[in-house]
Amino acid sequence: MAADEPNSPDSRTTPLAPLPDHRNVETRWWQELWRRHAHITTPLRALGLPCDIEFGISAYIVRVSLPDDSYLTISPPQEPPSERRPGDPEGWIVTREDPYVVTQYEVLYDSVPCDDPGASPRPEARHGGSAEPLLAAIDHRLAQLGLLPAPATPHASAHPTPGRPTSPVQDAPGTPEPGAAYVYGDAMRELTDRLNGAESHADAAALLHQILEPTDGLLTQLGEFFEAAGEKAKEAEEDDGFDLSYDLADAAAEIRQLGEVLHVAEDRMRALTPLPPPPRTAPARAPSLPPTAPLAAPTIRRTR
């Protein structure tokens, strides 16, 4: 095992939830498979929940180990199998099972579209393959059961790369060691990448919800952050502490105003209709050359 892999005795840092050690995480296919499921595994590993990727009945699934020895299975449709690529199904099914208690079987979440026209639609079905509602349902249920591990330290990278451990900060707050990730900037960068790769306006709206939700959304929390920073600035002896607190309070007010301006952006995004694909046209053909007249046979003159 390479020195920079998880669980290596030579590794200088230890990730909160290491990668499974029974696989060769350096293989190209494993890294590609892990990358396709990173939007599911990364937030769960940031909570300290070990994740693995296995092959189920007909598709790859995410298996999440829980502190009470039970486990979650996060699965795309298996029967019939999903025809979409791994990590991007039309819906997800999340179950909780206990290998030692056969009777324990619980469906936490099911957003797979229902094929039975007579059945009442499940509330989750409208979310399809979106990851945000799925993760929210898991977080809510595990919190009810008391199965959420201790939260990740805010200075540990929330976006570990397969085969590379995270780098928790060991110095003073705000002074990361060389190579340490800016976890909050990384989280926003990942959210932006997912927005760029969203396959529908509904998926884009779900990502906007993470920013604009009026209670727990990023803008609201960012306003709270600047307001708290302003209060902290008032604790200084220098007069500039009060001036800085006013500037930070103004920033908090502007951020809250921005949230009020954009409060319907999520619904407007969800109501959009994608552009139709451009019509396919036959490739232009090169003009044919005009027919050429056959060459006349040369005239042979005989001399006496």
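Residues numbered from 1 in each chain as written. Predicted model: local features only at pLDDT ≥ 70, side-chain atom pairs only at ≥ 80, totals over all residues. Heavy atoms only, no water.

**Student:** Provide a residue-level description of the packing of helix H1 (residues 28-36) against helix H2 (residues 38-46), including the pertinent values.
**Tutor:** Relative to each other, H1 and H2 sit at 80 degrees, their axes nearing to 5 Å. Put simply, H1 runs roughly perpendicular to H2. Here Trp34, Arg35 and Arg36 of H1 come into contact with H2, specifically with Ala38, His39, Thr41 and Arg45. For the contact of H1 with H2, a count of residues per class yields two nonpolar, two polar and three charged. (Axes fitted to C-alpha atoms, helices over the stretch in contact; angles between N-to-C directions. Helix = DSSP H or I, 4+ residues; strand = E, 2+ residues; numbered from the N terminus. Parallel < 35°, antiparallel > 145°, perpendicular 65-115°, else oblique. Contact = heavy atoms within 4.5 Å. Nonpolar A, V, L, I, M, F, W, Y, C, P; charged D, E, K, R; others polar.)

**Student:** I'd love a proper account of the pattern of salt bridges, names of residues and values included.
**Tutor:** Summed over the entire model, instances satisfying the criterion amount to 15 salt bridges. A salt bridge links Arg96 to Asp68, with the nearest nitrogen and oxygen atoms 2.8 Å apart. Here Asp68 lies in the loop between strand E2 (60-65) and strand E3 (71-75) and Arg96 lies in strand E4 (residues 93-98), a separation of 28 residues in the sequence. On the basis of relative accessibility, which here comes to 8%, the residue Arg96 falls in the buried class. When its relative accessible area of 29% is taken as the criterion, Asp68 is described as partly exposed. (Salt bridge = Lys/Arg side-chain N within 4 Å of Asp/Glu carboxyl O. Buried < 20%, exposed > 50% of the residue type's maximum accessible area, 1.4 Å probe, protein only.)

**Student:** Run through the sheet that holds strand E1 (residues 51-55), naming residues and quoting values.
**Tutor:** Strand order in the open sheet made by the five strands is E1-E2-E3-E4-E5, with antiparallel pairing throughout. Whereas interior strands pair on both sides, the edge strands pair on one side only; in this sheet they are E1 and strand E5 (101-110). Between one strand and the next, the sheet's axes are offset by a mean angle of 25 degrees, whatever the strand orientation. (Pairing = 2+ DSSP bridges.)

**Student:** Account for the nonpolar core, naming residues and giving values.
**Tutor:** Within the largest apolar cluster, 24 residues are counted, with the highest numbers of intra-cluster contacts made by Ile40, Leu44, Val64, Ile74, Leu134 and Ile138. For this core, the secondary-structure elements that each account for two or more residues are H1, H2, E1, E2, E3, E5 and helix H3 (131-145). Broken down by element, this core gets its largest block of residues, six residues, from H3. When neighbours within four sequence positions are excluded, Val64 is seen to be in contact with Leu44, Leu49, Pro50, Cys51, Ser70, Tyr71, Leu72 and Ile74. Among the nonpolar cores identified, the runner-up in size contains seven residues, and Ile211, Leu212, Leu219 and Ile255 belong to it. (Core = buried A, V, L, I, M, F, W, Y, C linked by side-chain atoms within 4.5 Å.)

**Student:** So, a nonpolar patch on the surface: which residues are in play, and what are the values?
**Tutor:** On the surface, Met188, Leu218, Leu222 and Phe225 cluster together into a nonpolar patch covering about 330 Å² of accessible area. A per-element tally of the nonpolar patch places helix H6 (residues 218-233) first, with three residues. Along the chain, Leu218 falls in helix H6. Looking at Leu218, the relative accessible area reads 31%, which means it is partly exposed. (Patch = residues over 30% accessible without salt bridge, like charges linked within 9 Å, V, L, I, M, F, W, Y side chains within 5 Å. Areas by Shrake-Rupley, 256 points an atom, 1.4 Å probe, with all protein chains shown as cover.)

**Student:** Now, about the packing of aromatic side chains: what can you tell me, with residues and values included?
**Tutor:** Overall, the coordinates contain two aromatic pairs when judged by the stated rule. Pairing Phe55 with Tyr60 gives two aromatic rings, centres 5.0 Å apart and planes at 85 degrees, and the pair type is edge-to-face. Accessibility expressed as a relative area gives 24% for Tyr60, which makes it partly exposed. Aromatic pair Phe225 and Phe226: ring centres 5.7 Å apart, planes at 80 degrees, arrangement edge-to-face. A relative accessible area of 55% places Phe225 in the exposed class. Sitting over the ring of Tyr71, Arg63 keeps its end group 3.7 Å from the ring centre. (Phe/Tyr/Trp six-rings, centres within 6.5 Å; stacked < 30°, edge-to-face > 60°. Lys NZ or Arg CZ within 6 Å of the ring centre and 35° of its normal.)

**Student:** Which residues make up the pairing of E2, and what values do they have?
**Tutor:** The side chains of a regular strand alternate, residue by residue, between the two faces of the sheet. By the bridge criterion, five bridges tie E1 to E2 in an arrangement that is antiparallel. In the sheet register, Phe55 faces E2, and the bridge partner there is Tyr60. Linkage of E1 to E2, two consecutive antiparallel strands, is achieved through a turn of four residues. Bridging between E2 and E3 involves four bridges; their strand directions are antiparallel. Bridge assignment links Arg63 to a residue of E3, and that residue is Thr73. With antiparallel pairing between neighbouring strands as the criterion, E2 and E3 make up a hairpin whose turn holds five residues, including Asp69 at a positive phi of roughly 75 degrees.

**Student:** Before we move on, can you summarise the confidence of the model for the protein with the specific residues and values?
**Tutor:** With 72% of its residues at a pLDDT of 70 or more, the protein shows a mean pLDDT of 76. The least confident element of the protein, judged by mean pLDDT, is H1 at 81; the most confident is E3 at 94. Throughout residues 1-16 the model reports pLDDT below 50, and contacts reaching past four residues in sequence, or to other chains, amount to 37 contacts. Contacts of residues 152-180 to residues separated by more than four positions or lying in other chains number 57 contacts, the stretch itself having pLDDT below 50. (pLDDT = per-residue confidence, 0-100.)

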